[in-house]
Amino acid sequence: MMKKLVILLLACMTGGSAFACTNFIVGKKASADGSVFVTYNADSYGAFMPLYHYPAAKHQPGDMRKVFEWDTDKYLGEIPEVAETYNVIGNSNEWQVTIGETTFGGREEMADSTGIIDYGSLIYIALQRSKTAREALQIMTSLVEEYGYYSEGETFSVADKDEAWMLEMMGCGPDRTKSKERTVWVAVRIPDDAIAAHANQSRITQFLDGRYTRIKVKDLFNKKYALDAKKPITNLMLCSDNVVSYARTMGWFDGKDADFSYNAAYAEPDFSGRRYCEARVWSFFNRFSDDFSEYISYAAGFEKDAKPMPLWIIPNKKVTLQDIRDAMRDHYEGTPFSLDKDMGGGIYQMPYRPTPLSYKLDGKDLFNERPISTQQTAWSFISQMRSSMPREVGACFWFGNDDGNMVAYTPMYSCITRRPKCFTEEGADDVTFSIDNAFWVCNWVSNMVYPRYSQMFPSLQAVRDSLDASYDKLQPEIEAKALALPTAEERIKMLTDYSCQKGNEMIARWKQLAFFLIVKYNDMAVKPTDENGTFLRTPYGGGKRVERPGFPEPYARELIKQTGDKFLAPAK
C-alpha cells in the first residue's frame, strides 16, 4: 500500500500545525437565495488565528513579495509583486472570490521541498490578485508551475458569485531525474444546482471518461465557455498536461486515460481517509438526500470494495444559510457514527473526543470518530457570494473564531477596510491570552462547556442562536441601506462600521456569557435563574439555594452497570 502523509490525521506536529479541515460548496441554483456558498473549518491544534486582512495596494515595477509558509512562518523565497492587489478579508476578497482548502497529504514522495509556494500562501496570493474564480485558478496553477508547490496534497474550493470549482493539487517531488514537472493538478467545475464537500481526502476520481468537457487554462476566458454564452457549456474540467503521464512514469498507473482516477493514483483512500475524512462528506450529503445509506459502508471504512460517494449531489431541497450553519455544527447526530451512544463523552455526554484520533490499548489499534464540528477549530467561516448585488454588498463573510458549534457566525463584509479589534492579533498569540480577543474569549467559554456539555451547552446555544437570528433579521435592512447609498465608497464605509460594530457586540456578549456560566454552574451545582437569565435571590438578598442535579440518567445507568452493587445503599 502506498505511503500516506499523516499530517491531516494526527495532533499538532513539532514546529508546525496539523491541519484537518472541512469545506462545503453550494452552487447558486442549489441555494435558497441564489448565493454561492463556501464554508471552511480551519482545524489546527494550538494555532492562534485572527481574521486575516490584506488591504488593497499598488505596487511598483521590481517590487518583490516574500513568501512565508502559512503553517510555520518559515521563509520560502520571493516572487515578483503585481501592479495592483485587492482587499482581502479572511478567505474572501472585494470581488467576491473565496478560496478554502483541506489537506489530504497523498504520496509522501511527491512533496516538493524545493518549491517556494505553500498552500496557504497560494490562497492569499490568489485572493489578492483575482477578480473571478477562473482568474484564481489561472493564477494558482501558473504560480506553482513556475515556482514549485511546497506543500502536501491539497484540495481547494475556488468560488465566486457565479460558480464554484474544486481543485486538487500535488507537487512532483524534489527529484527532477525522472520528471521535470513541478505539479500535477485537476480542477472540476461544480454544477450550479449541486452541493459538494471535501474533508482531508482527495475526492476527484475519473475525469477523462467523457463526463466533463476538458479545456485548457487559457480557454477559461474563451467566450465559448463563458457563463453568459448563448449555450453555456458548464461541465468544465481542466488539468495539468502531465496529470496522467506523471503517474505512468512513476509506475502508479498503466491503464487507459479514460480510466485514470486522480485519487487512486496519488492519494488512494484508506481506512483513515474514509472514516476520519470521507465520513464528514457523507454526513453533509446525508442532510440533503432522501436516502444516502448506500454509502454508509464506504464512509465507515472497513469494506474495501464499498461503493464510493459521488463528487457532488443534487440536494433534495434548496439550501439556506441556516442549513449551512447547522451542517458546520454537525457531530454525526442521528447517524451510525453518532457520538452520543457510548461513554466516550463522559458524564455530560460531550459530542467530542480527545485526540489523537488513533491510539493503542492492550495491543489493539483503536480510533475515535472525527466529526465536522471539532474542538481544534481555530476559526470557521461561511462565505456568501451573490451576483444580484454590487460586489461591495454581495460578499458577506460569516466568521467565528472557534469551533462553529460554539460560536455565532458574525457578518464581516468582504469589502471592509478594517477589522474589529477582537478579530485581530493585537495583544494575543498562541500562548498569550487576551480578554479583548475573540479567539481567546470564545475558547475560554467553549472549554468551560466541553466537559459539562449536556448541562452547560443549552446556555451557550441560546446566546449563539439569538445572535445568529439577530444578524439574519438585520441583514436585509442593512444591505438595503447600503444599496441606497450613491457611491461604492460610502457603502464600503457603512459596511465596515457595521461589521466592526457586530464584532464588538459579539465579544461583549461572549464575555457576559463567560461570567454567567461560571456563576450559574459553579462547583457542579446550578444556581436558579428566571426566564431572562437573572439569578434569583432570597428575601434576604443572597442567592437562592442551588440545585444539585447529580448524574444524568444515561451515565448513572452505565455507572451502576459497571460497578454492580458497589454503590447500592442498604435497604431502609
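Before reading further, recall that the structure is shown in the block above.
All of these numbers come straight from a predicted model, not from anything done at the bench.

### A few points about the overall build of the protein chain
Item 1. Looking only at helices and strands, the protein chain features 12 helices and 22 strands.
Item 2. Against the globule reference of 25 Å for 572 residues, the protein chain gives a C-alpha radius of gyration of 25 Å, in line with a compact fold.
Item 3. Dimensions of the protein chain, computed from C-alpha atoms along their principal axes, come out at roughly 85 × 65 × 45 Å.
Item 4. Counting only residues that meet the buried cut, the protein chain has 56% of its 572 residues in that class.
Item 5. The long-range share in the protein chain, meaning contacts at least 24 apart out of those at least 6 apart in sequence, stands at 71%.
Item 6. Accessible area for the protein chain stands at about 24,600 Å²; split by element, carbon and sulfur atoms hold 53% of it.
Item 7. Distance from the positive charge centre (68 side chains) to the negative charge centre (76 side chains) of the protein chain: 3 Å.

### Considering the packing of helix H10 (residues 453-484) against helix H11 (residues 488-520)
Item 1. H11 packs onto H10 with a crossing angle of 165° between their chain directions and a minimal axis gap of 11 Å. When the interaxial angle is binned, H10 and H11 end up roughly antiparallel. The way H10 lies across H11 gives a crossing that is right-handed. For the pair H10 and H11, contact is made by Met456, Ser459, Leu460, Val463, Arg464, Leu467, Tyr471, Leu474, Ile478, Lys481, Ala482 and Leu483 and by Arg491, Met494, Leu495, Tyr498, Lys502, Met506, Arg509, Trp510, Leu513, Phe516, Leu517 and Lys520, respectively.

### Brief notes about unusual backbone geometry
Note on backbone geometry: most residues besides glycine have negative phi, and most peptide bonds are trans.
Item 1. Each neighbour pair has its own omega, and for Thr355 with Pro356 the value is 10°, a cis peptide bond.
Item 2. With respect to the helices and strands, the residue Pro356 is situated in the loop between helix H7 (321-328) and strand E18 (358-361).
Item 3. Phi at Asp73 is positive, roughly 70°, even though this residue is not glycine.
Item 4. Structurally, the position occupied by Asp73 is in the loop between strand E5 (64-68) and strand E6 (75-80).
Item 5. Its identity is not glycine, yet Gln96 carries a phi of approximately 65°, on the positive side.
Item 6. On the basis of relative accessibility, which here comes to 0%, the residue Gln96 falls in the buried class.

### Overview of the pairing of E5
Item 1. Taking every second residue as pointing to the same face, the buried face of E5 carries Arg65 and Val67, while none of Met64, Lys66 and Phe68 on the other face is buried.
Item 2. Of the strand pairs in this sheet, E5 and E6 are connected by 5 bridges, and their pairing is antiparallel. Residue pairing in the sheet places Arg65 in a bridge with Ile79 of E6.
Item 3. The antiparallel hairpin formed by E5 and E6 contains 6 residues in its connecting segment, where Asp73 sits at a positive phi of about 70°.

### Describing the pattern of salt bridges
Side chains that differ in charge, positive against negative, can pair when their charged atoms come close.
Item 1. For the structure shown, the criterion picks out 38 salt bridges.
Item 2. As a salt-bridge pair, Arg329 and Asp468 come within 2.9 Å of each other at their nearest N and O atoms. Here Arg329, found in the loop between H7 and E18, pairs with Asp468, found in helix H10; they are 139 residues apart in sequence, far enough to count as distant.
Item 3. Note that Arg557 and Glu553 form a salt bridge whose closest N and O atoms lie 3.0 Å from each other. One end of the pair, Arg557, and the other, Glu553, are both in helix H12 (residues 553-563), 4 residues apart, so they sit about a helical turn from each other.
Item 4. What makes Glu553 exposed here is its relative accessible area of 52%.
Item 5. Ionic contacts of the salt-bridge type, sharing partners, join the residues Arg134, Glu163, Arg189 and Asp192 into one network.

### Some points on the packing of aromatic side chains
Item 1. By the definition in use, this model includes 45 aromatic pairs.
Item 2. An aromatic cluster is built from Tyr40, Tyr52, Tyr54, Trp70, Tyr119, Tyr124, Trp379, Phe381, Phe397, Phe399 and Phe423, whose rings are joined through pairwise contacts.
Item 3. Over the ring of Trp95 we find Arg391; its NZ or CZ atom is 3.5 Å from the centre of that ring.
Item 4. The ring of Tyr521 is capped by Lys520, whose NZ or CZ atom sits 5.7 Å from the centre of that ring.

### Describing the packing of helix H9 (residues 438-449) against H10
Item 1. Relative orientation of the contacting elements H9 and H10 amounts to 145°, with a least axis distance of 8 Å. Taking contact as the criterion, the partners of Val445, Met448 and Val449 in H9 are, on H10, Tyr453, Met456, Phe457 and Leu460.
Item 2. Its residues assigned to classes, the contact of H9 with H10 shows 7 nonpolar, no polar and no charged.

### Digging into the nonpolar core
Item 1. With 161 residues, the main nonpolar core has Phe156, Phe207, Tyr262, Tyr266, Trp379, Met506 and Trp510 as its most contacted residues.
Item 2. A total of 9 residues in this core trace back to one element, the largest contributor, which is H10.

### Looking at the sheet that holds strand E1 (residues 23-26)
Item 1. With antiparallel pairing, the 7 strands of this open sheet are ordered in space as E17-E14-E1-E2-E20-E21-E22. Of all strands in the sheet, those with a lone pairing partner are strand E17 (312-313) and strand E22 (410-413), marking the two edges.
Item 2. Relative to strand E2 (residues 36-43), E1 runs antiparallel, the two being bridged by 2 bridges. Bridge pairing in E2 links Val26 to Phe37.

### Some thoughts on helix H2 (residues 133-147)
Item 1. With 15 residues, H2 extends 21 Å from end C-alpha to end C-alpha; this agrees with the ideal 21 Å at 1.5 Å per step.
Item 2. All buried positions along H2 are accounted for by Ala133, Arg134, Ala136, Leu137, Ile139, Met140, Thr141, Leu143, Val144 and Tyr147.
Item 3. Downstream of H2 by a residue or two, Gly148 has a phi angle that is positive, lying close to 85°.

### Topic: the environment of Tyr119
Item 1. Mapped onto the secondary structure, Tyr119 falls in helix H1 (residues 119-129).
Item 2. We classify Tyr119 as buried; its relative accessible area is 2%.
Item 3. Note: C-alpha distance between Tyr119 and Met169 (50 residues apart in sequence) is 9.3 Å.

### Points about H10
Item 1. In a regular helix each residue adds 1.5 Å, so 32 residues correspond to 46 Å; H10 covers 45 Å between its end C-alpha atoms and thus fits that length.
Item 2. When the local axis directions of H10 are compared, the greatest deviation, roughly 35°, occurs at Leu474, which is followed within four positions by the proline Pro476.

### What to know about empty space enclosed by the protein
Item 1. Taken as a whole and assessed by the stated rule, the structure comprises 2 cavities of 30 Å³ or more.
Item 2. In this structure, the second largest cavity spans a volume of roughly 40 Å³.
Item 3. Together, Phe399, Gly400, Asn401, Val407, Ala408, Thr410, Phe423, Cys442 and Met506 line the second largest cavity.

### Digging into the side chain of Ser373
Item 1. Inspection of the secondary structure puts Ser373 in the loop between strand E19 (364-367) and strand E20 (377-385).
Item 2. A polar contact is formed between the side chain of Ser373 and the side chain of Tyr352, at a distance of 3.4 Å.

Conventions and cut-offs
Residues numbered from 1 in each chain as written. Predicted model: local features only at pLDDT ≥ 70, side-chain atom pairs only at ≥ 80, totals over all residues. Heavy atoms only, no water. Helix = DSSP H or I, 4+ residues; strand = E, 2+ residues; numbered from the N terminus. Rg over C-alpha atoms; globule rule 2.2 N^0.38 Å. Buried < 20%, exposed > 50% of the residue type's maximum accessible area, 1.4 Å probe, protein only. Contact = heavy atoms within 4.5 Å. Areas by Shrake-Rupley, 256 points an atom, 1.4 Å probe, with all protein chains shown as cover. Lys, Arg positive; Asp, Glu negative; His and termini not counted. Charge placed at Lys NZ, Arg CZ, Asp CG, Glu CD. Axes fitted to C-alpha atoms, helices over the stretch in contact; angles between N-to-C directions. Parallel < 35°, antiparallel > 145°, perpendicular 65-115°, else oblique. Left-handed = near helix turned anticlockwise from the far one by under 90°. Pairing = 2+ DSSP bridges. Salt bridge = Lys/Arg side-chain N within 4 Å of Asp/Glu carboxyl O. Phe/Tyr/Trp six-rings, centres within 6.5 Å; stacked < 30°, edge-to-face > 60°. Lys NZ or Arg CZ within 6 Å of the ring centre and 35° of its normal. Nonpolar A, V, L, I, M, F, W, Y, C, P; charged D, E, K, R; others polar. Core = buried A, V, L, I, M, F, W, Y, C linked by side-chain atoms within 4.5 Å. Expected span 1.5 Å × (residues − 1). Bend = angle between axes of the 7 residues up to and from the residue. 1 Å grid on protein atoms, 1.4 Å probe; cavity = no way out; pocket = protein on both sides within 12 Å on 5 of 7 lines; lining within 4 Å. Points joined across faces, edges and corners; volume = space filled by probe spheres on them. Polar contact = N/O pair within 3.5 Å; in protein donor to acceptor, adjacent residues only side chain to side chain.

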